[in-house]
Amino acid sequence: MDVIGAPSDAEIVARVLGGDAEAFGFVIRRYEAGLLRFATRMLGSRDAAADAVAEGLVRAYRHLASCREPDRLRTWLYRIVTNRCKSHLARRSVGDVPLDEAPPVADPADGEAELERAEQLALVQRALTGLSPDKREAFVLKHVEGLSYEEMAAITGERIPTLKMRVHRAREALLKVLEDHT
Amino acid sequence: MNTIDPRIHQVLDGELAVDALPAELRDATEAIRAAADLLAAPVPVRSLESRVMAEIHRPAPSLARRVSAWLATPHAITFRVRPVWSLAFAAAAAVLTLFYARDVGPQLGEHEGIAQFVGRFPDARSVHVVGTFNDWRPGTIALQDLDNDGVWTATVVLPAGTYEYMFVVDGERWVPDHLADRLVADDFGRENSVVIVRPVHR
């Protein structure tokens, strides 16, 4: 992402590596919203997502020198946070951490449209959580974060045909859930 | 698996114009797009900047501390020994374990856990933590900044549970811990931090 007047990712990386640790704040402000959304959709919990993204950003800072393509910092950050999410999911499978937090609840003062939207979001999030982590990851990267298959391949290390297949299966599973509830 | 028409995938992958779809396939396409739009809405969460920057500024643990932490962490080690040696090894391991266990950290009860409090207060002269675990009494649990880098820490053994707390800086300024697991509003219009202490022994 480049904003006129704002430093590019490569400039920020150079500043941080040059000793200006505070410049990493640009990275956080620029990418945390997307990373938090991605992690929330992956983990089904905002608290767990905040932990995963915070851990990922700290890890990114400490290993910034190993970011070979600073112009593609976003892809690199998503790769790190994706791995943190997988670690959280792996820990959950053997631990006693609750799988889901309560789905978003609309304020009764909200209009009918907002209530319906909140219910729809809860339904879709539940359906998403029901997918395998690989399919969930592929669907979220493709349709929520709007990445190309090439970018997804760079993040996940998977081949494009594999990712396409996962996205297709995820769509089919989600569509079935949605149809069953209409 | 509930397969859907491949043309729907082609449209969603940007390989086919939606106009090329028969009308009966458009509802499914729109349903998936609508679901994705819902998921793509921003997630309302607190910014992580202060939490991440505080962690970044925290000095890396020394080599000695990392080695100590590694030694104190359980690791799976597999030995292949002749049966005749196994008794001798078992006895030696038992003695070493008993000897080592006397010197490491506090002994925790079955329902106790460890809470670590960390705050960055560069100009503070003293920092204490108060909360529901000490009836909000200042002066009972002090944080330390041994290397004068402005990062104050305290490690406390507490009964497992969920506690609200705040930091008291220089004996007078009460501030929440923005690195906490979460924040909750108190009865005085302020925010308390929340820490969840899990039992070490399950």
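Position numbers for residues count from 1 along each chain, tracking the sequence in the order it is written. Here chains are named by letter from A upward and ligands by number from 1 upward, in the order in which they appear as written. Owing to the predicted nature of the model, reporting of local features is limited to residues with pLDDT of at least 70; listing and counting of side-chain atom pairs is limited to 80 or more, with chain, interface and lining totals taken over all residues.

Undergrad: Where do I start with the overall build of chain A in this structure?
TA: A count of helices and strands for chain A gives eight helices and zero strands. We call a residue exposed when 12 or fewer other C-beta atoms sit within 10 Å of its C-beta, buried when the count reaches 20 or more, and partly exposed for counts in between; the C-beta positions come from the backbone. Among the 182 residues that make up chain A, the fraction classed as buried is 38%. Once C-beta atoms are placed from the backbone, any two residues with those atoms within 7 Å are in contact. Partitioning the intrachain contacts of chain A with sequence separation of at least 6 by distance along the chain shows that 61% fall at a separation of at least 24. Under the DSSP-based scheme used, a helix requires at least four consecutive residues in state H or I and a strand at least two consecutive residues in state E, with every element numbered from the N terminus.

Undergrad: I would appreciate a short explanation of the overall build of chain B in the present structure.
TA: Counting its regular elements, chain B contains five helices and seven strands. Starting at the N terminus, the α and β elements of chain B follow one another as α-α-α-α-α-β-β-β-β-β-β-β. Residues counted as buried form 15% of the 202 residues belonging to chain B. Summarising the internal contacts of chain B: among those between residues at least 6 apart in sequence, 58% fall at separations of at least 24.

Undergrad: Mind showing me how you'd approach the interface of chain B and chain A here?
TA: Contacts between the two partners involve 26 residues from chain B and, on the opposite side, 33 residues from chain A. Contributions of two or more residues to the side of chain B that touches chain A are made by α1 (6-12), α2 (23-39) and α3 (49-57) of chain B. The biggest single contributor to the side of chain B that touches chain A is α2(B), with seven residues. Each residue belonging to the side of chain B that touches chain A can be placed in one class, and the counts come to 18 nonpolar, four polar and four charged. Only Asp, Glu, Lys and Arg are considered charged, only Ala, Val, Leu, Ile, Met, Phe, Trp, Tyr, Cys and Pro nonpolar, and every remaining residue, Gly among them, polar.

Undergrad: Is there a simple way to explain the confidence of the model for chain A in this structure?
TA: The score called pLDDT rates the predictor's confidence residue by residue, from a low of 0 to a high of 100. For chain A, per-residue confidence averages 85 on the pLDDT scale, and residues scoring 70 or more make up 86% of the total. Contacts from residues 94-103 of chain A, a stretch scored under 50 in pLDDT, to residues over four places away or in other chains number twelve contacts.

Undergrad: What am I meant to see in the environment of A:A173 here?
TA: Residues and elements named next belong to chain A. Mapped onto the fold, A173 is located in helix α8 (residues 160-180). On the basis of neighbour count, A173 is assigned to the buried category, with 20 C-beta atoms found within 10 Å. Note: C-alpha distance between A173 and A127 (46 residues apart in sequence) is 8.0 Å.

Undergrad: So what exactly am I meant to see when it comes to the packing of helix α7 (residues 149-156) of chain A against α8(A) here?
TA: The relative placement of two packed helices comes down to the angle between their axes together with the axis-to-axis distance. All names here are of chain A. Every axis in this analysis is a line fitted to C-alpha atoms, fitted for helices over the stretch in contact. Angles between the N-to-C directions lie between 0 and 180 degrees. At their nearest, the axes of α7 and α8 sit 9 Å apart, and the two run at 105° to each other. By the angle between their axes, α7 is roughly perpendicular relative to α8. Counting all contacts with α7, which are made through Y149, M152, A153 and T156, the residues of α8 involved are I160, L163 and K164. Here the word oblique covers every angle except those under 35 degrees (roughly parallel), over 145 (roughly antiparallel) and from 65 to 115 (roughly perpendicular).

Undergrad: Hey, could you run me through the nonpolar core in this one?
TA: Burial of nonpolar side chains together is a common tendency in soluble globular proteins. Think of a nonpolar core as buried Ala, Val, Leu, Ile, Met, Phe, Trp, Tyr and Cys residues, each tied to the set through C-beta atoms within 7 Å. Core analysis: the largest hydrophobic core is formed by 57 residues, its most contacted members being A:A39, A:V53, A:L77 and A:V81. Broken down by element, the residue count for this core peaks at ten residues, all from helix α2 (residues 24-43) of chain A. Setting aside chain neighbours within four positions, we find A:V53 in contact with A:E32, A:L35, A:L36, A:A39, A:V81 and B:L48.

Undergrad: How should helix α5 (residues 112-129) of chain A be read in this particular structure?
TA: In an α-helix there are 3.6 residues to a turn, and that puts residues three or four apart on one side. Take the residue count of a helix, subtract one, and multiply by 1.5 Å to get its expected span. The terminal C-alpha atoms of α5(A), which comprises 18 residues, lie 26 Å apart, in line with the 26 Å expected from a rise of 1.5 Å per residue. Its buried side turned inward, α5(A) meets α2, α6 (133-144) and α8 of chain A together with α2 of chain B.

Undergrad: Can you help me understand the confidence of the model for chain B in this one?
TA: Any residue range with low pLDDT should be treated as having predicted coordinates unsuitable for detailed reading. With 82% of its residues at a pLDDT of at least 70, chain B reaches an overall mean of 80. ipTM for the predicted complex: 0.80, alongside a pTM of 0.60.

Undergrad: Help me understand the packing of α8(A) against α2(B) in this model?
TA: Packing of α8(A) against α2(B) brings their axes to within 10 Å, and their N-to-C directions diverge by 95°. The angle between α8(A) and α2(B) places the two elements in the roughly perpendicular class. Within the contact between the two elements, α8(A) uses A:R171, A:L174, A:L175 and A:L178 and α2(B) uses B:A28, B:A31, B:I32 and B:A35. For the contact of α8(A) with α2(B), the residue count by class is seven nonpolar, no polar and one charged.

Undergrad: Sorry if this is basic, but what is going on with the environment of B:L21 here?
TA: All names here are of chain B. Relative to the elements of secondary structure, L21 occurs in the loop between α1 and α2. Sequence separation between L21 and R7 is 14 residues; the distance between their C-alpha atoms is 7.1 Å. Filtering out sequence-adjacent residues up to four positions away, L21 remains in contact with R7, V11, R26 and T29.

Undergrad: Looking at this structure, how should I read unusual backbone geometry?
TA: All names here are of chain B. Its identity as a non-glycine residue notwithstanding, D135 has a phi of 55°, on the positive side. One non-glycine residue with positive phi stands out, namely N148, at about 55°. Note on placement: N148 falls in the loop between β2 (127-131) and β3 (151-159). On the basis of neighbour count, N148 is assigned to the exposed category, with 7 C-beta atoms found within 10 Å.

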